[in-house]
Number of protein chains: 2
Amino acid sequence: MTSVSTAAPLRIEADYLLETPGDPRRTAETMAGEQSSGTFVPVPGETPELKARSAARVERLDLLDEAPGPTLPSAGGRDGPVRRARVTLSWPMDNLGPSLPNLLATVAGNLFELKPVTGLRLLDIRLPQAFADAYPGPRFGIAGTRRLAGVEDRPLIGTIVKPSVGFGPEETASLVASLCEGGIDFVKDDELQADGPHCPFDDRVRAVMRVVNAHADRTGRKVMVAFNLTGDLDQMRRRHDLLVREGATCMMASLNSVGLVGMIELARFGTLPIHAHRNGWGYLSRHPLLGWSYVAWQKIWRLAGADHMHVNGLANKFAEDDDSVVDSARTCLTPLFPDKPCLAMPVFSSGQGVRQAPGTYAALGSTDLIVTAGGGIMAHPDGPAAGVSALREAWDAAVAGIPLADYARDRPDLSRALGAAA
Amino acid sequence: MTSVSTAAPLRIEADYLLETPGDPRRTAETMAGEQSSGTFVPVPGETPELKARSAARVERLDLLDEAPGPTLPSAGGRDGPVRRARVTLSWPMDNLGPSLPNLLATVAGNLFELKPVTGLRLLDIRLPQAFADAYPGPRFGIAGTRRLAGVEDRPLIGTIVKPSVGFGPEETASLVASLCEGGIDFVKDDELQADGPHCPFDDRVRAVMRVVNAHADRTGRKVMVAFNLTGDLDQMRRRHDLLVREGATCMMASLNSVGLVGMIELARFGTLPIHAHRNGWGYLSRHPLLGWSYVAWQKIWRLAGADHMHVNGLANKFAEDDDSVVDSARTCLTPLFPDKPCLAMPVFSSGQGVRQAPGTYAALGSTDLIVTAGGGIMAHPDGPAAGVSALREAWDAAVAGIPLADYARDRPDLSRALGAAA
């Protein structure tokens, strides 16, 4: 068991929350068998030595609570009381080698469908050093993102182009121009806007980078714009190359749209920070006894090369509670390997504004993050520039440990933002 | 509404099963807004015309049952009774263009996380013709697979290399040799075995194809082996090229491991049928009020190029019930577009044997399928050859409408298989 160790484990390890109407230990053994050398009937050529060499092991099992009946339906399964347990399985590296795609089939494959499993959630994974050697991790991460954005010692204050569909290239550029004037650090496309016919990617990039570059020429600071290049591989290659030619400093991709091979390729040919959008995360995680925890999931994408990872935000407009958001953000700032931390910048979004700054800072103890506020900036009574200023002031107050209301006394932008958000 | 029409729709359409403690119509409108031009606060530059042009629409809403409380937890959400409804949303093609990755962000993005949504499952999607023009669909499909395997008018009888990990290349080849002698049509790698250090892909392919090619030289029929080339893109390219050089006739990839961009690429550069494995499907589908129905999900992968799609099997060892399996198999054999059917061969697996043949044929009305039986073939009392023969006979009986017990009377292989399975 290495969950408290700082060294990378020698075997692949995965922690699960398991529910079963059967005996938890036996169900855990069934999971281990299904995901390694188990066979339902003896097969010619198999030997105890051969099976032992490749077998997954139940490393640990902690019994948790009972429940009166199964959470997930199971055809022909047993009804009545179920037991829950936290289970750790491990696999020899030699079953698959350091391959992220094959890791998914091993730790998150058929086992979710086993008949005696009425609840299964992948809580965490720990990977041997060979994975750190095989994949790049974030190429830019926190330091690289700060350098390109010209922002030190505070969060990047950002926003999202909205409406996400409807604006054409020139309308988008005009919005970005006013945001640049307002002092924004970061702007992102919406995940719904990649290369729609009304707002083609190439035209949008050219129009937006014209205003971003002009603003940088005047001020010496280039606003980071995460252009959504999500698409087929050849499209993403062409779009990346255009971004480089136009002087852009970030690219955005939807992880569940491109998938793991798409992400690995993007990180390999790409020369810009990758802003990783997690849309679709709900179907992977929304039920507490099924699917993926963010702690496990984000490790895969960070190792593949994601520089920025979406984590939702405190008091967000979605269904996720604050504890879960905080866990997600903290895990992005927790090293993956002792000598290869692969830290990604957590991205806070969804209903974010001045009021979340103190709680976010208190929970995270860091300003290594991106905040993207839509209404929180655009709806400031005195306009977007005041919205950006108010959000910066809110974070200054949070870091200084001064209540927002006190800090706002001689700061009209923050004061008006607090009034508008009340 | 085009669910009963045979023409491709002009807008993208998606059907959902929705649960909400709020008003279902208003929640459906929230979903449509979140996934298109909705903004939580008015934004400078947006106009009613601009928003209307891009807005998603609620095309239809049918109220279903009520339930006493929410299925999925929602932070700060309303407790108490919930309503369920079947909802159809539609989007203008111009929001995204015919892009499969961006389709995912549109029909299966943030909406699963909305606060008033306490249950959401994507039931089906219908796509405009432009998608048919933009993606290849299965290059081989049923006819191409039958031609390469040399099997007409009956299912391909197949099996899986087991134990899936543990065997080296020579042990695998020796097993395949005995299966070839036994008259097998199809052999597949397990999803856990791609390029593990104990059984490297290249060595395995060379060893296995040596025996497959020798058998083809003797008999005139080449057994189709689906080699699991799941990996990073460059690995999949090299592995594909090796398969072609060695005369292999199929390649297997795990869909949830490679993701959509990986699959689209594989279909573009690949020149062999793609055997698409769905491991991980459980975390996408296991809860009836969350995630994806197979009907919706398999359309994405067929259009991207999958030739064979796993559908589990009747009376399987997993949690899925038979009705769901039958729906999955039927949908693979239902045309996607009027002039581009994109039919994929359903693959039945998991605890399959002679006893499932009549029910499977009765439900599907077709022999355009692959059956992969592990124990169902390997555990035949008279060996694998008798196992293959028995499974063929069971399908002959099913197609002829003769009860297995009657058909087995003068057929010892089937008779012994029925006895062993009893």
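Remember, it's a predicted structure, so these values are computed and weren't measured experimentally. (Residues numbered from 1 in each chain as written. Chains lettered and ligands numbered in written order. Predicted model: local features only at pLDDT ≥ 70, side-chain atom pairs only at ≥ 80, totals over all residues. Heavy atoms only, no water.)

Draft legend 1. Structural detail: the overall build of chain A. Scanning chain A from N- to C-terminus turns up 17 helices and 13 strands. Expected size for 422 residues packed as a compact globule is a radius of gyration near 22 Å; at 24 Å, chain A falls within 12% of this value. For chain A, the exposed surface amounts to about 14000 Å²; the carbon and sulfur share of it is 52%. The average position of the 43 basic charges and that of the 49 acidic charges among the side chains of chain A differ by 1 Å. (Helix = DSSP H or I, 4+ residues; strand = E, 2+ residues; numbered from the N terminus. Rg over C-alpha atoms; globule rule 2.2 N^0.38 Å. Areas by Shrake-Rupley, 256 points an atom, 1.4 Å probe, with all protein chains shown as cover. Lys, Arg positive; Asp, Glu negative; His and termini not counted. Charge placed at Lys NZ, Arg CZ, Asp CG, Glu CD.)

Draft legend 2. The arrangement of the interface of chain B and chain A in detail. Taken together, the contacts link 96 residues of chain B with 96 residues of chain A. Here chain B meets chain A over a buried area of about 7800 Å², counting both sides, of which 58% is carbon and sulfur. For the chain B face of the interface with chain A, the top three residues by lost area are Glu113, Tyr283 and Arg286 of chain B, together amounting to 11%. Our count for the chain B to chain A interface comes out at eight salt bridges. For Glu34 of chain B, the salt bridge is made with Lys317 of chain A, and the minimal N-O distance between the two is 3.8 Å. (Contact = heavy atoms within 4.5 Å. Buried area = accessible area lost by both parts, 1.4 Å probe. Salt bridge = Lys/Arg side-chain N within 4 Å of Asp/Glu carboxyl O.)

Draft legend 3. Spatial organisation of the relation of the copies chain B and chain A. For the match of chain B to chain A, the screw axis carries a shift of 0.0 Å, the RMSD comes to 0.0 Å, and the turn is 180°. Read as a symmetry element, the transformation amounts to a two-fold axis. It is Gly259 of chain B whose C-alpha, among those of chain B, lies nearest the rotation axis, at 1.9 Å. Both copies present the same face, since 100% of the interface residues in chain B are matched by interface residues at the equivalent positions in chain A. (Least-squares fit on C-alpha atoms with pLDDT ≥ 70 in both.)

Draft legend 4. Geometry of the UniProt feature "domain: Ribulose bisphosphate carboxylase large subunit C-terminal" (unreviewed entry) in chain A. With numbering matched to this structure, UniProt assigns "domain: Ribulose bisphosphate carboxylase large subunit C-terminal" (unreviewed entry) to residues 141-418 of chain A. From the first C-alpha to the last, residues 141-418 of chain A spans 32 Å; its make-up is 49% helix and 12% strand. (UniProt positions renumbered as here; feature names shortened; annotations may be inferred.)

Draft legend 5. Up close: the confidence of the model for chain A. Mean pLDDT over chain A: 94, with 97% of residues reaching 70 or higher. Scored as a complex, the prediction yields pTM 0.96 and ipTM 0.96. (pLDDT = per-residue confidence, 0-100.)

Draft legend 6. Layout of the environment of Ile125 of chain A. All names here are of chain A. The topology assignment puts Ile125 in strand E4 (residues 119-126). Accessibility expressed as a relative area gives 1% for Ile125, which makes it buried. Separated by 79 residues in the primary sequence, Ile125 and Glu46 place their C-alpha atoms 29 Å from one another. In contact with Ile125, other than residues within four places in its own chain, are Glu13, Ala14, Leu103, Val107, Ala296, Lys299 and Ile300. (Buried < 20%, exposed > 50% of the residue type's maximum accessible area, 1.4 Å probe, protein only.)

Draft legend 7. Summary view of the nonpolar core. Core analysis: the largest hydrophobic core is formed by 242 residues, its most contacted members being Trp292 of chain A together with Trp292 of chain B. Aside from chain neighbours lying at most four places away, what touches Trp292 of chain B is Tyr283 of chain A together with Leu104, Ala108, Arg121, Leu122, Trp281, Leu284, Ser285, Trp297 and Ile300 of chain B. (Core = buried A, V, L, I, M, F, W, Y, C linked by side-chain atoms within 4.5 Å.)

Draft legend 8. Main features of the domain arrangement of chain A. Residue and element names in this part refer to chain A. Domain annotation for chain A reports domain 1 (12-134) and domain 2 (141-421). Measuring from the centre of the C-alpha atoms in domain 1 to the corresponding centre in domain 2 gives 36 Å. Every contact between the two is made by 25 residues of domain 1 and, on the other side, 21 residues of domain 2. With both sides pooled, the region where domain 1 packs onto domain 2 buries about 2000 Å², and carbon together with sulfur makes up 67% of that total. Taken as a group, Leu100, Arg121 and Ala132 account for 30% of the area that domain 1 buries against domain 2, more than any other trio of residues on that side. Linking domain 1 to domain 2 there are one salt bridge. Between Asp124 and Lys299 there is a salt bridge, with its nearest N and O atoms 2.8 Å apart. (Domains from an automatic or database assignment.)

Draft legend 9. The arrangement of the pattern of salt bridges in detail. Evaluation of the coordinates by the stated rule reveals 60 salt bridges over all chains. Across the salt bridge formed by Arg204 of chain A and Asp189 of chain A, the nearest N and O atoms sit 2.8 Å from each other. Linking Arg204 of chain A in helix H7 (residues 201-219) with Asp189 of chain A in the loop between strand E6 (186-188) and H7, this pair joins segments that are 15 residues apart in sequence. Between Glu113 of chain B and Arg278 of chain A there is a salt bridge, with its nearest N and O atoms 3.8 Å apart. In this pair, Glu113 of chain B sits in the loop between helix H3 (100-107) and strand E4 (119-126) while Arg278 of chain A sits in the loop between strand E9 (274-277) and helix H10 (281-285), so the two residues belong to two different chains. Relative accessible area serves as the criterion here: at 7%, Glu113 of chain B is assigned to the buried category. A relative accessible area of 4% means that Arg278 of chain A is categorised as buried. Within this structure, Glu13, Asp15, Arg86, Asp124, Arg126 and Lys299 of chain A form a network of salt bridges that share partners.

Draft legend 10. How the structure looks around the environment of Ile12 of chain B. Residues and elements named next belong to chain B. Secondary-structure assignment places Ile12 in strand E1 (residues 12-20). As a C-alpha pair, Ile12 and Ile125 span 113 residues in sequence and 7.5 Å in three-dimensional space. If near-sequence neighbours (up to four positions away) are discounted, Ile12 is found in contact with Leu89, Ser90, Trp91, Met93, Leu96, Leu103, Val107, Arg126, Leu127, Pro128 and Phe131.

Draft legend 11. Quick peek at a negative patch on the surface. On the surface, Asp321, Asp322, Asp323 and Asp327 of chain A cluster together to form a negatively charged patch. When you line up the elements, Asp323 of chain A lands in helix H12 (residues 322-332). (Patch = residues over 30% accessible without salt bridge, like charges linked within 9 Å, V, L, I, M, F, W, Y side chains within 5 Å.)

Draft legend 12. Structural view of the packing of helix H3 (residues 100-107) of chain A against helix H9 (residues 255-269) of chain A. All names here are of chain A. It is at 10 Å that the axes of H3 and H9 come closest, and there the two elements cross at 155°. Taken together, the axes of H3 and H9 are roughly antiparallel relative to one another. Both H3 and H9 take part in a crossing whose hand is right-handed. The segment H3 lies against H9, with Leu100, Pro101 and Leu104 engaging Leu260, Val261 and Ile264. Residue composition of the contact of H3 with H9, by class: six nonpolar, no polar and no charged. (Axes fitted to C-alpha atoms, helices over the stretch in contact; angles between N-to-C directions. Parallel < 35°, antiparallel > 145°, perpendicular 65-115°, else oblique. Left-handed = near helix turned anticlockwise from the far one by under 90°. Nonpolar A, V, L, I, M, F, W, Y, C, P; charged D, E, K, R; others polar.)

Draft legend 13. Structural view of the side chain of Asp307 of chain A. Residues and elements named next belong to chain A. Inspection of the secondary structure puts Asp307 in the loop between helix H11 (294-304) and strand E11 (308-310). Despite its burial, Asp307 remains without a salt bridge, the nearest opposite charge being carried by Arg139 at 7.1 Å. A distance of 2.8 Å separates the side chain of Asp307 from the backbone nitrogen of Phe140, its partner in a polar contact. Other than its neighbours up to four places away in sequence, Asp307 contacts Pro138, Arg139, Phe140, Gly141, Leu272, Pro273, Ile274, Ala344 and Met345. (Polar contact = N/O pair within 3.5 Å; in protein donor to acceptor, adjacent residues only side chain to side chain.)

Draft legend 14. Focus on the sheet that holds strand E3 (residues 82-91) of chain B. Residues and elements named next belong to chain B. Reading across the sheet, the five strands line up as E2-E3-E1-E4-E10 and stay open at both edges, with mixed pairing between neighbours. Every other strand in the sheet has two partners, leaving strand E2 (57-67) and strand E10 (290-292) as the edge strands with one partner each. Geometrically, the sheet is characterised by an average inter-axis angle of 15° between neighbouring strands, direction not taken into account. Direction of pairing for E1 relative to E3: antiparallel, over a ladder of nine bridges. From the neighbouring strand, Glu13 faces E3, where its bridge partner is Ser90. Where helix H11 (residues 294-304) meets the sheet, its contacts fall on E4 and E10, and the angle it forms with E4 comes to roughly 50°. (Pairing = 2+ DSSP bridges.)

Draft legend 15. A look at the environment of Ala14 of chain A. Residue and element names in this part refer to chain A. Within the secondary structure, Ala14 sits in strand E1 (residues 12-20). Residue Ala14 is classed as buried on the basis of its relative accessible area, which comes to 0%. Sequence separation between Ala14 and Asp321 is 307 residues; the distance between their C-alpha atoms is 24 Å.

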